[in-house]
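For reference, the chains in residue letters:
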Amino acid sequence: MKTLYLIDGYAQFFRAYHAIRTPMTSPVTKEPTSATFGFVGMLLKLLRGEQPGQQSLGGPPDYLAVALDVSGDRGTFRSQLYPEYKANRSDIPDDLPPQIERCIALLHEIGVPTVGVEEYEADDVIASIADDHVNAGEDLRVVIISKDKDLKQLLSPAGDDHGRVVMYDVHTDQLTTAATLQEETGITPEQVVDMLTLMGDTVDNVPGVEGVGTKTAAKLIAEHGSLEALMAAADTIKGKRGEKLRAAADQIPLSKELVTLKRDVDTDFTLDNAKTESLKLIKLLPILQELGFNRYQDDVKAMLGVADEPATKAPAKRARDDFGGGLFDQTDDSEPEVSGDYHCVRTKKDLQALVKKLKAADAIAFDTETTSLQPMQAKLCGLSFAVTPEEAWYVPTRSPEQDHHLDEATVLEALKPILEDPKKPKLGHNLKYDLLVLRNAGVDVKGVATPGALDGMVASYLIDASRSSHSMDALSLALLNRSNIPIGDLIGKGKNQRTFDTVPLDRATPYAAEDADVSLQLCQRMAPEIERMGLTALLNDLEMPLIKVLAELEWNGVLVDPDELDRQRERLAGRIDELKAEIADSLMETIGREIDPDSPKQLSGALFNAPDAADPGLGIKPLKKTKTGYSTDAETLTKLADDAGIESSIPTLILEYRQLTKLVGTYLVALKEAIDPDTKRIHASFNQTVAATGRLSSSDPNLQNIPIRTEIGREIRRAFIAPEGRTLITADYSQIELRLLAHLSRDPALIEAFQRGDDIHAAVAAEIHGCALDDVNRDQRSGAKMVNFGIVYGITPFGLARRLGVSNTEATDIIDNYKKRFAGITTFLAECVEYARTHGYVETMMKRRRPIPDIDSNQPARRGLAERVAINSVVQGSAADLIKIAMVDLYKRLSPWASDLRSGAQPEIDDVLMLIQIHDELVFEAPKETANRARDLIVERMQSAMQLDVPLIVDSAIATNWYEGK
């Protein structure tokens, strides 16, 4: 029997929206995509037909259609019958409608018919299509994709051996038939309408019988056989139930009409238009690429059997004035043009001709091809250049055809003078990588911080830091209507991936040259936008010079002692073994069994199961439920450990066990693996275009995540050392966000406290509690400190109470008194929110922007989060600007590689290396004999980086390892 799947469209849209709570956006269009992601995943799962429930139905559908509500909640025959029908529906979330439009457009693109009829609901459409084909006697099973209770009235009766109409929940793989309905409720499909009438529907505002819910309604209908029989017997039913049945008698006919689905709607639906074999799934690929759904692209390719085929061209893009343009406005139906005039430079004559073109150009876009994504290990395979759109050159240095092109030395000898020319602005995408690769090859690229230079990734980040991706491919789709050649087409993926030097030149040339061409076009597209937004100074004075600074940090790396890491790992491993034994002994003594301490499920059972359960537990009252049981996360275990009424030591032991195993696995082992075998240093990446606030991030490995709140975590810093004869210098801004808050808010009390050099937390506590500074006690200072650090993050009384261990009332008083005594801060916070509401973004002191798209959301939770983000972004973003200013300034003064950025040829102090930037801290390495002079210069320049109404203070130290420098 063939199957027709009818999807209840809006029910699935809403379900997908609420299933994925983390906001998602397209890296290309910036549209919200969480609901789209969920809906597409559901659709592909149905089309694969691999779930057990689907297998029992015969596998994937033969026919597929989506039923839609086209008249809204208030435009159907039901609202005409009963004006109060669905009158209490809440507003749809404001980020859902564009996702629904996107899903519908996607369905149309691949050929899935959508069916909707004016004045009727999607359920009526489904009912009519199902009846039409079942009553016609066709050898067809209708599978309704929904869990809506109203649709259960359509199920085939128990006597239908073939189960012509069934319901299927794709999310839970649950199949609903007449038999399962009978088992769950005791009624038949024919009795569903009667049950629905009795119980009413609070969501749709359908009146029912007061006090009658699903179970009671089903029981009453099962006992009496029908609604009519029940109402006829209402006079004999005693008590409140009888009274309420009799009171509802007049409204029962209306309610029944409202819940009864129409089965005679003219839908114009035909099976011929719904054949899944006719679907054009290939058209999904560019859409999924545009949406950033990479995993689904692989799924679709696997379904089509074209997993190794090149990606299709990009879909026609929507015209827009900037990145924030309307997704469905003014569609451009033209085919995207992806070709270019690309040349392979193989001879000296061709290379000389290219050099001549580059010398004559106002600016040069360039890119490197290498053997690795890790710049310190990468070998140069070639360089590509572009100076005008749609034309580019690739100069190979390594390839399978080594005898048919020039070698690296010859190529670099010709190109080095141009690459090192500081007066020739350089363009590119992720230039930091190219700088490191070429520095490794003996070329010091200059012109990166020259006016007119631009990195497309950095430009995109400045224009809109909230984009989910600033990659060349994403921006090419968004701004150029162009789908670039995927690197996977050339070198493959996974374990079979090759290196670029194995790619034949006829394939390598268009790929490499396209990178330079697209980089040029993206820079040309974004440069006017940078100027229009007033970001030119931020770009030229800070962000472009910072590229060279970060390349310097990555090049320098930091020396790490593997023996120290091993010593700490062995010490912690011993304690981990002790903890395992203590946990096992304690559980055997109390519940008579052991568990795997790494299994949250087993731990949950041990903590929360009753002592007499099949798997006995401690019988502790659970605090938080999850989809699979009860939570054993860190917050839960901390609460249990702090609860004096819980005698078991298991929560405390598990907390310590988890902390130590994470330290060993995530840090001690991973850090040792990250040590470069040649330099003996860790060369972490410092990322300029990740954090939306403007802060830098770290990866491979993430040095910013090395724990410092516990002594055992801080110990890891002992492994970061200075070489023989050298020392480390640490310099850390003191309370920088609070100092910036004082400056930005212009609050006189906070400014005066900083200017006097008071203990700021004690000074704030004195203001809050109206006492003398000397009379502030420890608890008062702790409360003030918590509010000081939490005020720009929107700290709540509940959050403060939980942190301080006080009542919500006490916490409320602390926050209220804070806001009264520091009225300037309260006003500043309100100004940040109002600015975001007026402009749609906020700005830092350096005019760095961050979009705040949910500031006017109709969802209170999202709007509240947006308000907190607006406040935090101004303060934290200004702190990010501050340390970047200091880094650029110190790079110019100390690095021999910064000669193109300073007036003098030589650094002010020789041989001082900038190594690490972590939050508000910088780490340097210097010879011991000049360390004091270097520290004085570093501190002086960091404290002079911005002129504020409060003094900038930098704490500094000189030590042989990072730990002792704190």
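Described below are features of the structure shown in this document. The structure displayed is predicted, hence computed values, not measured ones.

Criteria and cut-off values
Residues numbered from 1 in each chain as written. Predicted model: local features only at pLDDT ≥ 70, side-chain atom pairs only at ≥ 80, totals over all residues. Heavy atoms only, no water. Helix = DSSP H or I, 4+ residues; strand = E, 2+ residues; numbered from the N terminus. Buried < 20%, exposed > 50% of the residue type's maximum accessible area, 1.4 Å probe, protein only. Contact = heavy atoms within 4.5 Å. Areas by Shrake-Rupley, 256 points an atom, 1.4 Å probe, with all protein chains shown as cover. Lys, Arg positive; Asp, Glu negative; His and termini not counted. Charge placed at Lys NZ, Arg CZ, Asp CG, Glu CD. Phe/Tyr/Trp six-rings, centres within 6.5 Å; stacked < 30°, edge-to-face > 60°. Pairing = 2+ DSSP bridges. Axes fitted to C-alpha atoms, helices over the stretch in contact; angles between N-to-C directions. Core = buried A, V, L, I, M, F, W, Y, C linked by side-chain atoms within 4.5 Å. Salt bridge = Lys/Arg side-chain N within 4 Å of Asp/Glu carboxyl O. Polar contact = N/O pair within 3.5 Å; in protein donor to acceptor, adjacent residues only side chain to side chain.

**Focus on the overall build of the protein chain**
And then number 1: Scanning the protein chain for helices and strands turns up 36 helices and 24 strands.
And then number 2: The C-alpha extent of the protein chain, read off along each of the three principal axes, is 105 × 80 × 55 Å.
And then number 3: Burial analysis of the protein chain (966 residues in total) assigns 53% to the buried set.
And then number 4: Taking the intrachain contacts of the protein chain between residues at least 6 apart in sequence as the baseline, contacts between residues at least 24 apart amount to 69%.
And then number 5: When the accessible surface of the protein chain is summed, it comes to about 42500 Å², and 48% of that surface belongs to carbon and sulfur atoms.
And then number 6: Mean positive and mean negative side-chain charge positions of the protein chain (110 and 150 charges, respectively) differ by 3 Å.

**Side note on the environment of Ile 654**
And then number 1: Secondary-structure assignment places Ile 654 in helix α26 (residues 650–673).
And then number 2: In this structure the C-alpha to C-alpha distance between Ile 654 and Ala 866, which are 212 residues apart in sequence, comes to 36 Å.
And then number 3: Not counting residues up to four positions away in its chain, the partners in contact with Ile 654 are Ile 583, Pro 597, Leu 603 and Leu 637.

**A look at the packing of aromatic side chains**
And then number 1: Under the counting rule described, the total for this entry stands at 11 aromatic pairs.
And then number 2: Both rings, one in Phe 13 and one in Phe 39, keep their centres 4.8 Å apart while their planes meet at 55 degrees; by these two values the pair is tilted. Within this pair, whereas Phe 13 is found in helix α1 (residues 9–19), its partner Phe 39 is found in helix α2 (residues 34–48), the two being separated by 26 residues in sequence. Neither residue differs from the other here; Phe 13 and Phe 39 are each classed as buried.
And then number 3: Ring centres 5.9 Å apart and planes at 70 degrees place the aromatic pair Phe 608 and Tyr 630 in the edge-to-face group. One end of the pair, Phe 608, is in helix α24 (residues 600–608); the other, Tyr 630, is in strand β15 (residues 629–630), and 22 residues separate them in sequence.
And then number 4: Of the residues examined, Phe 608 reaches a relative accessible area of 9% and is grouped as buried.

**A look at the sheet that holds strand β12 (residues 454–455)**
And then number 1: As summarised here, the arrangement of the six strands in space is β7-β10-β9-β8-β11-β12, forming an open sheet in which the pairing is mixed. The two strands at the open ends of the sheet, each matched to only one other strand, are β7 (341–344) and β12.
And then number 2: Where strand β8 (residues 364–370) meets strand β11 (residues 426–428), two bridges bridge the pair, whose relative direction is parallel. In the strand pairing of β11, Ile 364 is matched with Lys 426.
And then number 3: Against the sheet, helix α17 (residues 431–440) makes contact with β8, β9 (380–388), β11 and β12, and its axis sits at roughly 65 degrees relative to β8, the strand it touches most.

**Quick notes on the sheet that holds strand β1 (residues 2–8)**
And then number 1: Strand order in the open sheet made by the six strands is β3-β2-β1-β4-β5-β6, with mixed pairing throughout. Each edge of the sheet is formed by a strand with only one pairing partner; in this case those strands are β3 (114–115) and β6 (174–176).
And then number 2: Sheet analysis places strand β4 (residues 140–145) next to strand β5 (residues 165–169), joined by four bridges and oriented parallel. Among the inter-strand pairings, Ile 145 is bridged to a residue of β5, identified as Tyr 168.
And then number 3: Helix α6 (residues 122–135) rests against β1, β2 (63–67), β3, β4 and β5 of the sheet, and its axis sits at about 170 degrees to β1.

**Considering the nonpolar core**
And then number 1: Among the nonpolar cores identified, the biggest contains 194 residues, and Phe 385, Phe 720, Tyr 733, Met 887 and Ile 916 are the most heavily contacted of them.
And then number 2: Among the elements that line this core, the one with the most residues is helix α35 (residues 860–894), at 14 residues.
And then number 3: Residues in contact with Phe 385, not counting those within four places in the same chain, are Leu 354, Leu 358, Ile 364, Ala 365, Phe 366, Glu 391, Ala 392, Trp 393, Val 395, Leu 415, Leu 419 and Ala 516.

**Let's talk about the side chain of Thr 730**
And then number 1: Relative to the elements of secondary structure, Thr 730 occurs in strand β19 (residues 726–733).
And then number 2: Aside from chain neighbours lying at most four places away, what touches Thr 730 is Glu 921, Leu 922, Val 923, Asp 955, Ser 956, Ala 957, Trp 962 and Gly 965.

**Observations regarding the environment of Pro 545**
And then number 1: Note that Pro 545 resides in helix α22 (residues 536–556).
And then number 2: Residue classification places Pro 545 among the buried residues on the basis of a relative accessible area of 4%.
And then number 3: Measuring from C-alpha to C-alpha, the distance between Pro 545 and Ala 898 comes to 9.4 Å, with 353 residues separating the pair along the chain.

**Notes on the pairing of β4**
Working note: regular strand, side chains alternate between the two faces of the sheet.
And then number 1: The buried count for β4 comes to six of six residues, which makes it a mostly enclosed element.
And then number 2: The sheet contact formed by β1 and β4 spans six bridges and is parallel. Across the sheet, the residue bridging to Lys 2 is Leu 140, located in β4.

**Here we look at the pattern of salt bridges**
Note that side chains of opposite charge can pair when their charged atoms are close.
And then number 1: Enumeration over the complete set of coordinates arrives at 61 salt bridges.
And then number 2: Of the charged contacts in the structure, one is a salt bridge between Asp 299 and Arg 48, with a shortest N-O distance of 3.9 Å. Of this pair, Asp 299 sits in helix α14 (residues 294–304) while Arg 48 is found in helix α2, placing the two residues 251 residues apart along the sequence.
And then number 3: With a closest N to O distance of 3.8 Å, Lys 624 and Glu 635 form a salt bridge. With Lys 624 in the loop between α24 and β14 (625–626) and Glu 635 in helix α25 (residues 634–642), the pair connects residues that are 11 residues apart, well separated along the chain.
And then number 4: Lys 624 sits in the partly exposed class, given a relative accessible area of 34%.

**A look at helix α18 (residues 456–463)**
And then number 1: Counting buried residues along α18, eight of its eight residues qualify, which places the element largely inside the surrounding structure.
And then number 2: Those residues of α18 lying buried are Gly 456, Met 457, Val 458, Ala 459, Ser 460, Tyr 461, Leu 462 and Ile 463.
And then number 3: Where α18 is buried, its residues touch β11, β12, α19 (472–480), α21 (505–532) and α22.
And then number 4: Looking at where α18 begins, the residue whose side-chain oxygen comes 2.9 Å from the main-chain nitrogen of Met 457 is Asp 455.

**Examining unusual backbone geometry**
And then number 1: Across the junction of Asp 700 and Pro 701, the peptide omega takes the value -5 degrees, indicating a cis bond.
And then number 2: Among the secondary structure elements, Pro 701 is positioned in the loop between β18 (697–699) and α27 (711–714).
And then number 3: Look at Asp 173: it is not a glycine, yet its phi comes out positive at around 60 degrees.
And then number 4: Even without a glycine there, the phi angle at Lys 680 is positive, about 65 degrees.
And then number 5: Within the element layout of this structure, Lys 680 appears in the loop between α26 and β16 (681–682).

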